[in-house]
Amino acid sequence: MKLHKLLLLLALPVAIAACEPADTPQADPVLTLTSEASLQYTPEGGEGVITYTLENAAEGTELTATTAADWITDITVGENITFTVAVNETTEARTDRILVAYGNASFNVFIKQEGVEPIVNFEAKTLDGVYYGTRYSDTYNISIYLSDLGMTEEGYVLPNATYYALDLYVVNEPTIDAEGWLTVPVGTYTFDGTDSQEDMTIGNSYSLYQVINSDATAYEVQAYYESAELVVTENGLTLVAYIDGVKHILTYTGECKFFAGVPAEITGATVEAQTLYGYYYGTQYTETYNYNIYLSDQPLDPEGYAVPSAYYFSLDLYGIEPVIDTEGYLHVPVGTYTNDTNDDFSEWEVGREYSGAYLVNADGTGYEWIEAYDDVTVVVSDNGIEVNCIVKGEEFHVTYVGEPKINIAGASANAANKRAPFVPAKQGVELR
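Residue positions within a chain follow its written sequence, with the count starting from 1. Owing to the predicted nature of the model, reporting of local features is limited to residues with pLDDT of at least 70; listing and counting of side-chain atom pairs is limited to 80 or more, with chain, interface and lining totals taken over all residues. As a rule here, side-chain values come from all non-hydrogen atoms in the structure, and water together with hydrogens is ignored.

Caption draft 1: Quick look at the environment of aspartate 192. Numbered from the N terminus, helices here are DSSP runs of H or I no shorter than four residues, and strands are runs of E no shorter than two. Here aspartate 192 is to be found in strand 16 (residues 187-192). For aspartate 192, a relative accessible area of 11% gives the class buried. For aspartate 192 and glutamate 226, which are 34 residues apart along the polypeptide, the C-alpha to C-alpha distance reads 9.8 Å. Residue contacts follow a heavy-atom distance rule, with two residues in contact if any of their heavy atoms lie within 4.5 Å. Not counting chain neighbours up to four residues away, the residues in contact with aspartate 192 comprise Gln197, Thr201, Ile202, Gly203 and Asn204. By the criterion applied in these results, polar contacts are pairs of N or O atoms within 3.5 Å in which, for protein atoms, one can donate a hydrogen and the other can accept it, and in which residues neighboring in sequence qualify only through two side-chain atoms. Of note is the side chain of aspartate 192, whose polar atom sits 2.6 Å from the side chain of threonine 194. Each residue gets one of three labels from its accessible area relative to the maximum for its type: buried under 20%, exposed over 50%, partly exposed in between, using a 1.4 Å probe on protein chains only.

Rendered as structure tokens:
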């Protein structure tokens, strides 16, 4: 009996050991991104850091960070993950990822980089221009054309040439020397998409970028500016403009001047008008009735064109509904018309944009001078018309004796056409 009891005691520890619990299973690793999942870089590139947390790390398992992009380099894994983004010398944006993994756990960090801004660098060799004075605006208006090739002597474009047209406005009258050269006023001009014509602005409607085809018959490119800034100095100019999303940087070295013509000397005069003609636009453009009349001291030629050395006074009148007789004559309403200083086209006013005076040169090929009115008053009576106007500070007294009527036969056809100001229309560079 004692022997059996001893054996039983010896066996007891073994039985007790067999009843102890097994080891606790290993929990799965938890890998968590704690920084941004998408990182943005400029074309210059730079350094990057990815932060993370790792729970339940397992012996023998390493954290890795890898990418297929050759422009993401120097990836280093430690408490944080660091890397380098190379410079992007192309205009194309690019995107790739860094894959961070620990065993079966992983996350992606997307690396995005902008392309360099597309830039066109242009060196202008020529500067041409047209001076419009105050014909179209209260401020002084200068249109300049910068090109790599220039223009023909007749003012037409050249094949394969590029032109940057800029319509500039300034408050102070630009300087024109005794030989007729106009110097573009120095300063910074900013783009104005509203065409306010304010001081030191670049107008929208007549500012264009144009590329000419190989035979100068068409534009390969013709586009308006999205924005622009022009800096004019005594030794040149710089234009920075955006056109169809592309940045253009234009430079011109040299004195910024062009031939505008020797300023004509205007002398006031008393003019006896022999000719009266005009057009009727009714209420097509305004709520008031509109009749545009012309007075001249000379008759028109047989084809209806202006003749040499003749004065012409354009008067854009707004008033009551006129009488139009059965023969197609419009009888200009009797009354006094005054200068429309606020451009509201009220009754008994003379509109500004389509009114002005000019003197044709001696050979009939152009104008000796052409200007808007500083002020004007028109008195229409049953027996004639009297005009008192000021042009560039000079006084003109114009009289017309006769019934104030104009033949508007075919007026509906005339009215259907778009009106043109009394001066030649502004325009950009011309094709042949």
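Once you've had a look at it, read on.
Caption draft 2: Just the pattern of salt bridges, in detail. For this analysis, a salt bridge means a side-chain nitrogen from Lys or Arg found within 4 Å of a carboxyl oxygen belonging to Asp or Glu. Under the counting rule described, the total for this entry stands at 6 salt bridges. Among the ionic pairs, arginine 352 bridges to aspartate 138, the shortest N-O distance being 3.3 Å. Here arginine 352 is found in strand 31 (residues 349-360), whereas its partner aspartate 138 is found in the loop between strand 11 (126-133) and strand 12 (140-147), with 214 residues between them in sequence. The class for aspartate 138 is exposed, based on a relative accessible area of 60%. A salt bridge links lysine 392 to glutamate 173; the nearest nitrogen and oxygen atoms lie 3.8 Å apart. Of the two residues, lysine 392 sits in the loop between strand 34 (384-391) and strand 35 (394-401) while glutamate 173 sits in the loop between strand 13 (162-170) and strand 14 (175-176), which places them 219 residues apart along the sequence. Judged by relative accessible area, which is 40%, lysine 392 ranks as partly exposed. On the basis of relative accessibility, which here comes to 47%, the residue glutamate 173 falls in the partly exposed class. Three or more residues joined by partner-sharing salt bridges are found here, namely Asp138, Asp343 and Arg352.

Caption draft 3: Local environment of the sheet that holds strand 15 (residues 181-183). Any two strands are treated as partners once DSSP identifies two or more bridges connecting them. Here we have 3 strands laid out as an open sheet, ordered 14-15-23, and antiparallel in their pairing. Single-partner strands in this sheet number two, and they are strand 14 and strand 23 (257-259).

Caption draft 4: View of unusual backbone geometry. The backbone of asparagine 56 shows a phi angle near 60°, a positive value even though the residue is not glycine. With respect to the secondary-structure elements, asparagine 56 resides in the loop between strand 4 (52-55) and strand 5 (64-66). The exposure class of asparagine 56 is partly exposed, given its relative accessible area of 33%. With phi around 65°, glutamine 197 is a residue other than glycine that occupies positive phi space. Mapping glutamine 197 onto the fold places it in the loop between strand 16 and strand 17 (201-203).

Caption draft 5: Quick look at the sheet that holds strand 5. Overall, mixed pairing links the 4 strands, which are arranged 2-9-8-5 in an open sheet. The open sheet has two free edges, formed respectively by strand 2 (38-41) and strand 5, since each of these has just one partner strand. Mean inter-strand twist for the sheet, computed between neighbouring axes without regard to direction, equals 20°. As paired elements, strand 2 and strand 9 (residues 105-113) share 4 bridges and run parallel to each other. The residue of strand 9 that forms the bridge with glutamine 40 is lysine 112. Between N-to-C directions, angles span 0 to 180 degrees; the directions come from axes that are lines fitted to C-alpha atoms, helices contributing only their stretch in contact.

Caption draft 6: Main features of the packing of aromatic side chains. In this analysis, rings of Phe, Tyr and Trp, with Trp reduced to its six-membered ring, are considered paired at centre separations within 6.5 Å, and the interplanar angle assigns stacked below 30 degrees, edge-to-face beyond 60, and tilted for intermediate values. All chains considered together, the criterion is met by 17 aromatic pairs. Between tyrosine 281 and tyrosine 285 the ring centres are 5.8 Å apart and the planes differ by 65°, which places this aromatic pair in the edge-to-face class. Judged by its relative accessible area of 10%, tyrosine 281 falls in the buried class. By relative accessible area, which is 37% here, tyrosine 285 ends up partly exposed. Their ring planes at 20° and their centres at 5.4 Å tell us that tyrosine 312 and tyrosine 358 sit as a pair that is stacked. Residue tyrosine 312 is located in strand 27 (residues 311-319), and its partner tyrosine 358 is located in strand 31; the two are separated by 46 residues in the primary sequence. Taken individually, tyrosine 312 and tyrosine 358 each receive the classification buried, so the pair is uniform in this respect. Site record: aromatic cluster; members linked through ring pairs are Tyr311, Phe313, Trp369 and Phe396. Across the ring face of tyrosine 329, the terminal group of lysine 405 is positioned such that the distance to the ring centre comes to 4.6 Å. For a lysine, the NZ atom is tested; for an arginine, the CZ atom; a charge sits over a ring if that atom is within 6 Å of the ring centre and within 35 degrees of the ring normal.

Coordinates in, geometry out; function isn't part of it.
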